[in-house]
Amino acid sequence: MPAQDSSAPGKHHREATLAARWPLLLALAVLTGACSLLADSALSDKPSEAGGPGGATMGGGCAPDCPAGACCGDTCVDLSQDEAHCGACGVACGADESCCGGSCIDVLNDPSHCGACGAACLNTLCVGGHCSSECVFGFDNCDGNIVTNGCEIDLTSDPERCGGCSLRCPSGALCDEGRCACEPPLLDCDARDDTGCEIDGSSNAAHCGACGVTCGSNMECQAGACACKPGYADCNGSPDDGCEAALGTDASCTGCDDACAPGMTCALPGGCVCMEGLLDCDGAPGCESSVTDPASCGACGAPCDPATPYCDGTTCAAVCPPGLSVCGFSCVDTQRSARHCGACNVAAGPRQHCDGGALACDAGHDDCDPAAPGCESELARDPRHCGACGVACKPGAACVDGVCACEGFTPHDCGDACRVCCSDADCSDGDGCTKDVCAEGGTACRSTGCAAGEQCCSLVACLQCCTSADCSDGQICSGGTCIQPCAPGLVACDGACVSLSSTEHCGACGNACLSGRTCKSGACEPPWVVMTKAGAPAPRQLAAATWTGRALFVWGGRTASGDVDDGALYDPARDAWEPLGRAGAPSRRVLASAAWTGSHVLVWGGGAFESPSGLSTGGAYDPAARTWRAMSTASAPAPRRAPIAVWTGTRLLIWGGHADGGPVAGGALYNPVADAWTPVASAGAAPARDGVAWAWSGTELYLFGGEAGGAPTSEGYAYNPTTDAWRALPGAGAPSARRDAFAVWMGHQLLVWGGEARGGNLLKDGASYDPATGMWSPIDNADAPAQRSRTERRTGWTGWTGTRALIAGGWSGVMTRKDGKLYDPLSGWTASMPPAERTHSYGVGVWTGTELILWSGLNGPALTDDGERFRP
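Residues numbered from 1 in each chain as written. Predicted model: local features only at pLDDT ≥ 70, side-chain atom pairs only at ≥ 80, totals over all residues. Heavy atoms only, no water.

S.K.: Honestly, the overall build of the protein chain in this entry has me stumped. Any pointers?
M.R.: For the protein chain, the count of helices and strands is two helices and 78 strands. Since a compact globule built from 872 residues should have a radius of gyration of about 29 Å, the 42 Å found for the protein chain marks it as more spread out than a globular shape. Each principal axis of the C-alpha atoms in the protein chain carries an extent, and together these give about 165 × 85 × 65 Å. Evaluated residue by residue, the protein chain yields a buried proportion of 42% over its 872 residues. Within the protein chain, residue pairs in contact and separated by at least 24 positions form 34% of the contacts whose partners lie at least 6 positions apart. Element-wise, carbon and sulfur atoms account for 54% of the exposed surface of the protein chain, whose accessible area totals about 41,300 Å². (Helix = DSSP H or I, 4+ residues; strand = E, 2+ residues; numbered from the N terminus. Rg over C-alpha atoms; globule rule 2.2 N^0.38 Å. Buried < 20%, exposed > 50% of the residue type's maximum accessible area, 1.4 Å probe, protein only. Contact = heavy atoms within 4.5 Å. Areas by Shrake-Rupley, 256 points an atom, 1.4 Å probe, with all protein chains shown as cover.)

S.K.: So what exactly am I meant to see when it comes to the nonpolar core here?
M.R.: The nonpolar side chains of a soluble globular protein tend to be buried with one another. Counting 15 residues, the largest nonpolar core has Y702, L729, L750, V752, Y769 and W776 as its most contacted members. Put simply, the parts of the chain that give this core at least two residues each are β60 (693-696), β61 (701-704), β66 (742-745), β67 (750-753) and β68 (766-770). Those residues in contact with V752, other than ones at most four positions away along the chain, are F704, P735, A741, F742, D765, G766, A767 and W776. (Core = buried A, V, L, I, M, F, W, Y, C linked by side-chain atoms within 4.5 Å.)

S.K.: Please explain the sheet that holds strand β54 (residues 644-647) as it appears in this structure.
M.R.: Sheet strands pair by backbone hydrogen bonding; their relative direction is either parallel or antiparallel. Across the sheet, which stays open at both edges, the four strands sit in the order β54-β55-β58-β59 with antiparallel pairing between neighbours. With partners counted over all chains shown, the strands left at the sheet margins are β54 and β59 (676-679), one partner each. When the angles between neighbouring strand axes are averaged without regard to direction, this sheet yields 20°. Two strands pair when backbone bridges link them, and strand β58 (residues 667-671) and β59 are joined in this way by four bridges, in the antiparallel orientation. Paired with A668 across the bridge in β59 is P679. (Pairing = 2+ DSSP bridges. Axes fitted to C-alpha atoms, helices over the stretch in contact; angles between N-to-C directions.)

S.K.: Teacher, can you tell me more about the side chain of T559 here?
M.R.: Along the chain, the position of T559 falls in strand β46 (residues 558-559). There is a polar contact of 3.0 Å between the side chain of T559 and the side chain of S561. Excluding its chain neighbours within four sequence positions, the residues that come into contact with T559 are A538, P539, R540, V564 and L863. (Polar contact = N/O pair within 3.5 Å; in protein donor to acceptor, adjacent residues only side chain to side chain.)

S.K.: What's the story with the packing of aromatic side chains in this structure? I'm lost.
M.R.: The way to describe two aromatic rings as a pair is by their centre distance and the angle between their planes. In the structure shown here, the tally under the stated rule is 19 aromatic pairs. Every member of this aromatic cluster is reached through a ring pair, and the members are Y702, F704, W745, Y769 and W776. For R794, the ring lying beneath its charged end belongs to W811, and the centroid distance is 4.6 Å. (Phe/Tyr/Trp six-rings, centres within 6.5 Å; stacked < 30°, edge-to-face > 60°. Lys NZ or Arg CZ within 6 Å of the ring centre and 35° of its normal.)

S.K.: Quick question: what am I supposed to make of the sheet that holds β60 here?
M.R.: The four strands are arranged β60-β61-β64-β65 in an open sheet whose pairing can be described as antiparallel. Edge positions in the sheet fall to β60 and β65 (725-728), since each has one partner strand and no second. Looking at each pair of strands side by side, their axes are set apart by 20° on average, direction ignored. Judged from the four bridges that link them, strand β64 (residues 716-720) and β65 form a sheet pairing that is antiparallel.

S.K.: What am I meant to see in the state of the cysteines here?
M.R.: Note on terminology: disulfide describes a covalent bond linking the sulfur atoms of two cysteines. Within this structure, the stated rule accounts for 44 disulfides. Paired by a disulfide, C457 and C466 hold their sulfur atoms 2.1 Å apart. On the S-S bond that ties C457 to C466, the torsion sits near -95°, and the link is left-handed. When sorted by exposure, C457 lands in the same class as C466, which is buried. (Disulfide = S-S within 2.5 Å.)

S.K.: For this particular structure, what's the right way to read the confidence of the model for the protein chain?
M.R.: The predicted structure's coordinates, where accompanied by low pLDDT, should not be read in detail. When pLDDT is averaged across the protein chain, the result is 88; 92% of the residues are at 70 or more. Here residues 1-59 scores under 50 on pLDDT; set against residues more than four positions off or in separate chains, the count is 19 contacts. (pLDDT = per-residue confidence, 0-100.)

S.K.: Hey, could you run me through the environment of F553 in this one?
M.R.: Tracing the chain through its elements places F553 in strand β45 (residues 552-555). Contact partners of F553, with chain neighbours within four places excluded, come to A544, A545, T546, T548, A568, L569, L580, A594, V601, V603, Y621 and W628.

S.K.: Mind showing me how you'd approach the environment of C169 here?
M.R.: Residue placement: C169 occurs in the loop between β8 (153-154) and β9 (174-176). Judged by relative accessible area, C169 falls into the buried class, the value being 3%. Here the alpha-carbon distance between C169 and A181, two residues 12 residues apart in the chain, equals 8.0 Å.

S.K.: Where do I start with the pairing of strand β48 (residues 567-571) in this structure?
M.R.: Sheet faces and side chains relate simply in a regular strand, where the side chains alternate between the two faces. Burial of β48 is extensive: five of the five residues sit out of reach of the surface. Along β48, one buried face is formed by G567, L569 and D571 and the opposite face, lined by A568 and Y570, is buried too. As defined by bridge partners, β45 adjoins β48 across four bridges and the pair is classed as antiparallel. Its bridge partner being in β48, F553 is matched across the sheet by L569. Inspection of the sheet shows β48 paired to strand β49 (residues 576-579) by four bridges, in the antiparallel sense. Within the sheet, the bridge partner assigned to A568 lies in β49 and is P579. In this structure, the hairpin formed by β48 and β49 is closed by a connection of four residues, where D575 is found at a positive phi of approximately 55°.

S.K.: How should I be thinking about the pattern of salt bridges in this particular structure?
M.R.: Close approach of charged atoms lets side chains of opposite charge pair. Overall, the coordinates contain 27 salt bridges when judged by the stated rule. For D866, the salt bridge identified is with R838, shortest N-O distance 2.9 Å. Of this pair, D866 sits in the loop between β77 (862-863) and β78 (867-870) while R838 sits in the loop between β73 (828-833) and β74 (844-847), placing them 28 residues apart in sequence. Assessed through its relative accessible area of 17%, D866 is described here as buried. For E851, the salt bridge goes to R869, with nearest N and O atoms at 3.0 Å. Of this pair, E851 sits in the loop between β74 and β75 (852-855) while R869 sits in strand β78, and the two are 18 residues apart along the sequence. Residue E851 shares its accessibility class with R869, and that shared class is buried. Connected through shared salt-bridge partners, K533, R838, D865 and D866 make up one network. (Salt bridge = Lys/Arg side-chain N within 4 Å of Asp/Glu carboxyl O.)

S.K.: Help me out: how do you make sense of unusual backbone geometry in this one?
M.R.: A negative phi angle is the norm for most residues apart from glycine, just as the trans form is the norm for most peptide bonds. L268 connects to P269 through a cis peptide bond whose omega is 5°. Within the element layout of this structure, P269 appears in the loop between β17 (264-267) and β18 (271-274). Here E525 and P526 are connected by a cis peptide whose omega angle stands at -5°. Among the structural elements, P526 can be located in the loop between β42 (523-525) and β43 (528-530). The backbone of D473 sits at a positive phi, close to 55°, despite the residue not being glycine. Structurally, D473 is set in the loop between β36 (461-463) and β37 (476-478). For D473, a relative accessible area of 72% puts it in the exposed group. Of note, Y842 is a non-glycine position whose phi angle comes to about 60°, a positive value. On the secondary structure map, Y842 appears in the loop between β73 and β74. Given a relative accessible area of 27%, Y842 falls into the partly exposed group.

S.K.: What am I meant to see in the environment of G390 here?
M.R.: Summarising the element assignment, G390 is placed in the loop between β28 (377-378) and β29 (398-400). For G390, a relative accessible area of 61% corresponds to the exposed category. Taking C-alpha positions, G390 is 7.4 Å from C368, a pair spaced 22 residues apart along the chain. Apart from residues lying up to four places away in sequence, G390 is in contact with R384 and H385.

Shown next as structure tokens:
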């Protein structure tokens, strides 16, 4: 017999003996308990504090520590989950209900408590106590993973999917209750995603307060409402001609109906006054008496007597003094008298004066119509004589400060005339659900709504459906189209049923693995892939690079043979290079900056490798035509190397950079349509600094830290190009002083991490800034990557996946790092980035939205022709 069973007979014997004695032992226990209670009662006159079941005392009632209101029928109950007393005594839940947090819940249908308390569905409906595949109102399953994350998208607030999975709001727009909207006073009036909310409705006269609301002639937009420009008024009350009346004239001096009477002229700010040499002596409107009239010599009621019948304007005299001419009994200076200019009774007309005995026009006026009295034409505002007599403005144009301009109700210059519109593009009202056309002759813009059978989805587009609720016969909405439900194993993605195990939709709709990867278990593998060398440009460092939406743009830089002016486009979907056109390209250079507008790449700045000086020239490259055109240099920023360059949606923003060995401050905005620069506001602007961290939010450029005078700073700034205004970020809670930090815009917050403190000490901490609250918050540095700094255009790259920030590369103090890590604003530092094969120092590093592309640069002391792509 095994050793473990050797005691079995003794064990059975003891169990039998205990069973036989059990009735006796039970009786003794009862008697002992009774005696104990009697003894306690005799020894003390206090009630027993030993609580019975449910907190009840042996003498009845609940224990003193029972929460208020929870003593139900002498029993202390948990009101949060007792189904007989849910939330209050006597409140019993129904047969299909459970008590969850003090409320009776229908766990068969409640998505927050589906089947049991706290068992929440992921934004899906609860049917029969089980989470269904149908989304609750306002949410949708956009990635196809109903089991993993349910209906993950809030269609009421997500600007990437506003009102529908395929409805993306323009850049910088908000999603408000499922409809795209720009944050006031900004407006989206061209319905283009790449330009975003491009109009400031508080000051734009063509879109004042709303798209298409045009201010009339001589009007301007003030705080979102049309108002007359200074010096003009709307005197006829007609909306068709704007503010047609010019103030400060004899016809409308200080306002409408303020015409100067005969003999008077307008002299602002006071109003109508007597013309020089005239007096108002009869009390009637106007100035009828001359100061040289003997009846009112120099003043009303001062007549000359017969002995001194002549008046020189101040006193009566027997004869006129030398130098004055006799006109009747008036002694006048015919060199300056408005009534007797050059000779008796030669009077000046309106807006005329006497100068040296000749009639002359007042400043800003001219006599363009000899048949009209005086100088009737105001050259600064008369469209028939704009700036000079005979210079007529084209039809529809106004004369503004002596220059013809299209404005008001006819703001578009169509060549032969200023019209309401020249083409359909001029009529866009920002509503993607309308078709806007320019009427023949450009006299008006006309709009039509969605066609029959279409829905207006979030003011973005007319589609067959916005959500599945718009479909019938059991169909579902996908990509704005009603389709039949997908077969098992397939999900709906943009109007088609696809497999989430495909490389085009790996784990989620639209998650394309691109070339070199396969889809395994819903993830693209491997993380790093190499780029083809076939057709690639010569290896180089310090090149300009940007992402065009489908391809990596690389231009310029320095190869082994010197500075170059060539480049190429790399398509990661095809793993293929295509050379750039070179005709008209900017001059050879390094450290130029590039930005994508949606149709062109703008390249600007830089300089020669062997010189510290910068350049202030650039070019615009059209990938479709493979051609370059030069950018204007008029009013361009000062020459600089490696400036910050971002596309705002309507302008190229250039800020900072280096030249002649030091940092450069200031910048400008470039309008590629007008080929014109305008300076960035200097009031409250960030100063020039080395090693400043920066990020673009879609509406603001954020700058943090940097070094000036040998010491790093913790100051931060934000610049809004739409309002052309700077603001300082708060200092409370901000990261410590540092230079060369990493900065990432995380959708709604700015992350600043790492960098170099004073003395060269590297950092591995940071903070996030929320512009909605205006506050900094510390980040959890548990499992943070090793300390490092980011050197602009040398090493250190960032990206935002939509849920996580990527910190990659950087300088450790002794070597260039090739690893990185991902930061989740909800859970902190998460997955690591495996090291790259090469360091790519001074090479190309661009984040595409899904991949980090690294190409060429230095690997050690030599140029490398390798390229690699990382996908988190």
